[in-house]
Amino acid sequence: MSAQTDTPGSVTTVYKVTGMSCGHCEGSVSGELSQLPGVSSVKAVASTGEVTVVSETPLDDEAVRAAVDEAGFELAGRA
C-alpha cells in the first residue's frame, strides 16, 4: 500500500481506476474524490488509470471506492 507523507499534515496516495478514457472521465473522478473530507487535491490520468490524491490524513478505502463508483468507474486498488 503506497501512501507517503509529502509534507507535514498531508498524505499522498495513488489509486488505480479502471474505465477512464478521456479528460471528461478524469474530471468526473476528480470531482467526486475532491468532495471527500480532507482532500486538498486530486489528479487523474486516464492514459495510466492512476489517480493521485493529496489529503490531510489517510483516506478510508471504502469512501474512495464509493466516490469512484459515483463517478461511474471502478477502483482497482492502490497503485
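Everything quoted here is computed from the prediction, not taken from an experiment.

What counts, and at which threshold
- Residues numbered from 1 in each chain as written.
- Predicted model: local features only at pLDDT ≥ 70, side-chain atom pairs only at ≥ 80, totals over all residues.
- Heavy atoms only, no water.
- Helix = DSSP H or I, 4+ residues; strand = E, 2+ residues; numbered from the N terminus.
- Buried < 20%, exposed > 50% of the residue type's maximum accessible area, 1.4 Å probe, protein only.
- Contact = heavy atoms within 4.5 Å.

1. Focus: the environment of alanine 63
Working step 1: Relative to the elements of secondary structure, alanine 63 occurs in helix α2 (residues 61-71).
Working step 2: On the accessibility criterion, alanine 63 (30% relative accessible area) is partly exposed.
Working step 3: As a C-alpha pair, alanine 63 and leucine 33 span 30 residues in sequence and 8.9 Å in three-dimensional space.

2. Things to note about the side chain of serine 30
Working step 1: Checked against the element boundaries, serine 30 lands in helix α1 (residues 23-34).
Working step 2: Judged by its relative accessible area of 15%, serine 30 is buried.
Working step 3: Not counting residues up to four positions away in its chain, the partners in contact with serine 30 are Val42 and Ala44.

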